[in-house]
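Results of the structural survey
Chain residues, written in single-letter form:
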Amino acid sequence: MCLPGLNRKFLQDTWHLTREYWRSEEKWRAGGLLAVIITLNLTYVYILVLINTWFNRFYNALQNFDKEEVFSALGEFCLLAAFYIIVAVYQLYLRQMLEIKWRQWMTGKYLNVWLKDQMYYRLQLTENYTDNPDQRISEDLRLFTNYTLQLSLGLLKAVVTLVSFIAILWQLSGTLVIPFGNHQLAVSGYMVWVAIVYAVIGTWLTHKIGKPLAQLNFDQQRYEADFRFSLVRLRENSESIAFYGGEAREERAFISRFGKVFDNYWQIMQRQKHLTWFASGYGQIAIIFPLVVAMPRYFTKEIQLGGLLQTSQAFSKVQDSLSFFVESYSTLAEWKAVVDRLTGFVCNIQQVSELPQSSTIIRTEPAPVLAVNQLDIDLPDGRRILSGLNLSIQAGESLLVAGPSGSGKSTLLRTLSGLWPYAQGSIVIPEGHSFLFLPQKSYLPLGTLRDTLLYPGPKRSVTDEEIMAAMLLCKLDWLKGQLDKIEDWSRVLSLGEQQRIAFVRVLIHQPEWLFMDEATSALDEPTERVLYTLLRERLAGTAMISVGHRNTLNSYHKKKLTLDGAGRWSLLTM
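Residues numbered from 1 in each chain as written. Predicted model: local features only at pLDDT ≥ 70, side-chain atom pairs only at ≥ 80, totals over all residues. Heavy atoms only, no water.

Our focus in this paragraph is the overall build of the protein. Summing up its helical and strand segments, the protein has 18 helices and 14 strands in all. By the compact-globule yardstick of 25 Å for 574 residues, the protein is too spread out, its C-alpha radius of gyration being 35 Å. The principal-axis extent of the C-alpha atoms belonging to the protein is close to 115 × 55 × 50 Å. Within the protein, the proportion of its 574 residues that are buried is 45%. Put simply, 77% of the contacts in the protein that link residues at least 6 apart link residues at least 24 apart. Just so you have it, the protein exposes about 30000 Å², and 59% of that area is on carbon and sulfur atoms. (Helix = DSSP H or I, 4+ residues; strand = E, 2+ residues; numbered from the N terminus. Rg over C-alpha atoms; globule rule 2.2 N^0.38 Å. Buried < 20%, exposed > 50% of the residue type's maximum accessible area, 1.4 Å probe, protein only. Contact = heavy atoms within 4.5 Å. Areas by Shrake-Rupley, 256 points an atom, 1.4 Å probe, with all protein chains shown as cover.)

Set out below in structure tokens:
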């Protein structure tokens, strides 16, 4: 039977997402926990079987006015109820424990894969860029572990309940004799056949009504993430938007994005309404249906009141088990959407990891030289922006990369750092040397000012005195009393101050090779001169490669590489 996208491919995708945890270093602990949960599930079903038998005993005692038997049955029920409560509590508690441990492991793994080899950056270079990878890691992993355990354990419980109660129902049903012309048709276990037909019809109708929910839920998660991300973007760029007076433009964009959230959710509501109409009716009919079907045998006195109620309850358990997919259809549709989103994320990561890490051969050699041989750089659309570059930079030398906007200056730095995959040639970098790249807009992490200044973390211990001395040299001494203050420093500091933060990092880390991509574009020329002079005095042995437009940068470099964006280049010694 076709359920919401639960085809072979979906099951394979789910298994691929699941199997790594159950084969990981956590497998024995997780397996033991799962075994306890399964045991509790089986115990839960066994208690239900005992309670079903209790119904027969208790109501027969009531019908026979057997006071002693009634009170004895009540005592038995109290014992069964106590065990039922204990099993129900720990069944849920241990399942949640396994869920959070599984999610913790998957979150660590996915974060590692996303951050390793700059995958978070390289994913943006593909045509089918993964939208909102942060949501895949935070929200989709939570839903995946929750739904997978909830549905798989629910299915196990349904199967065990079905096996347990179908035998009881078959025995209680007896044989129904149906007049058929001049003959009689005897149907053994007729209540079982009625339950099966009832559940099959219900499952088929549920699928017909709810089939679109899988795609609708997939789209809803994407639209919600896009809307949330646009709100975060406003907060991150609030000053720029305020200067532009772009509130009306942003509001229109927000309303447009939320319009997609609204429209798609409205479709989900309509589909859920139809599904709820059917599911509610299906569930209500199931309450009275077994009593009506079993009543003929009660009126012919083949069974007592206890037998009637036991049969009704057994029928309900069999019907509930067979109707597992009816009751879980909405959850199954959401689970399908989550699996599709995670599978797409994993496939994109796999696709990017299999991309040629550019045809550029990057190797290390002991010599203190950075050598580029026959380097070609292309854009993702195949257009070549640099052709046949040959370049050699010794330790302590300085190079300025210039050219018009779009000529490939920043892309050259990305290629030298190994980030850009669309390149061919050979690059030799000095072995064992330290490198530091300064982008035009410095990244300032959330946290204390000290953490921001030391980012991404020094390889040696750094005292507060060293930090404050570097701040003084970079004209940030007014911040020296705020080292332990936690702020969103990218909002507090101007672009020029953020670029000076980057120079503090340079003084602290003291790299042997420094790459700067318009790292002083937001600074005035006197401050730029102070900082470049500072680098020459404090890091005389550091090789410096700068990208910039200003002619004032010429005096701080010994060589100048000029790109024209059409593949041509020229190298001059100044």
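So, on to the domain arrangement of the protein. What the domain assignment lists for the protein is domain 1 (8-354) and domain 2 (359-573). Here domain 1 and domain 2 have C-alpha centroids that lie 53 Å from each other. At the junction of the two partners, domain 1 supplies four residues and domain 2 supplies five residues. Here domain 1 and domain 2 share an interface that buries about 490 Å² over both sides, 61% of which is from carbon and sulfur atoms. (Domains from an automatic or database assignment. Buried area = accessible area lost by both parts, 1.4 Å probe.)

Turning next to the UniProt feature "domain: ABC transporter" (unreviewed entry) in the protein. Taking the UniProt record as the reference, the feature "domain: ABC transporter" (unreviewed entry) is found at residues 370-574. Segment residues 370-574 splits into 28% helix and 30% strand. End C-alpha atoms: 19 Å apart. (UniProt positions renumbered as here; feature names shortened; annotations may be inferred.)

Another point: the pattern of salt bridges. Applying the stated rule across the entire model yields 18 salt bridges. The partner of Arg222 in a salt bridge is Asp219, with the nearest N and O atoms 3.5 Å apart. Taken together, the positions of Arg222 and Asp219, both in helix α7 (residues 213-236) and three residues apart, correspond to about one turn of that helix. The salt bridge partner of Arg550 is Glu528, with a shortest N-O separation of 3.0 Å. Placement of Arg550 in the loop between β12 (543-547) and β13 (559-563) and of Glu528 in helix α18 (residues 525-538) is noted, with a sequence separation of 22 residues between them. Owing to a relative accessible area of 26%, Arg550 belongs among the partly exposed residues under this scheme. (Salt bridge = Lys/Arg side-chain N within 4 Å of Asp/Glu carboxyl O.)

Quick look at the packing of aromatic side chains now. If you walk through the whole model with that rule in mind, you get 21 aromatic pairs. Each ring, one from Trp102 and one from Phe144, has its centre 5.7 Å from the other, and the planes form 70°; the classification is edge-to-face. Taken together, the residues Trp102 in helix α3 (residues 67-115) and Phe144 in helix α5 (residues 133-173) connect sequence positions 42 residues apart. For the pair shown, Trp102 and Phe144 are each scored as buried. The ring of Tyr44 carries the charged tip of Lys157 above its face, separated from the ring centre by 4.3 Å. (Phe/Tyr/Trp six-rings, centres within 6.5 Å; stacked < 30°, edge-to-face > 60°. Lys NZ or Arg CZ within 6 Å of the ring centre and 35° of its normal.)

Quick look at the pairing of strand β7 (residues 423-430) now. The two faces of the sheet receive side chains in turn, since in a regular strand these alternate between them. Within β7, seven of the eight residues are buried, which leaves it mostly tucked inside the rest of the structure. For strand β4 (residues 369-378) and β7, the ladder comprises five bridges, and the chain directions are antiparallel. Of the residues in β7, the one forming a bridge with Ala371 is Val428. (Pairing = 2+ DSSP bridges.)

Turning next to helix α15 (residues 464-473). Of the positions making up α15, those classed as buried are Ile467, Ala470 and Met471. For α15, the angular spread of buried residues about the axis comes to 100°, placing them on one side. Residues of α15 that are exposed and point over 90 degrees away from its buried face: Glu465 and Leu472. The elements touched by buried residues of α15 are α14 (449-454) and α17 (495-509). Among the residues trailing α15, Lys475 stands out with phi positive, at a value near 60°. (Arc of directions from axis to C-beta.)

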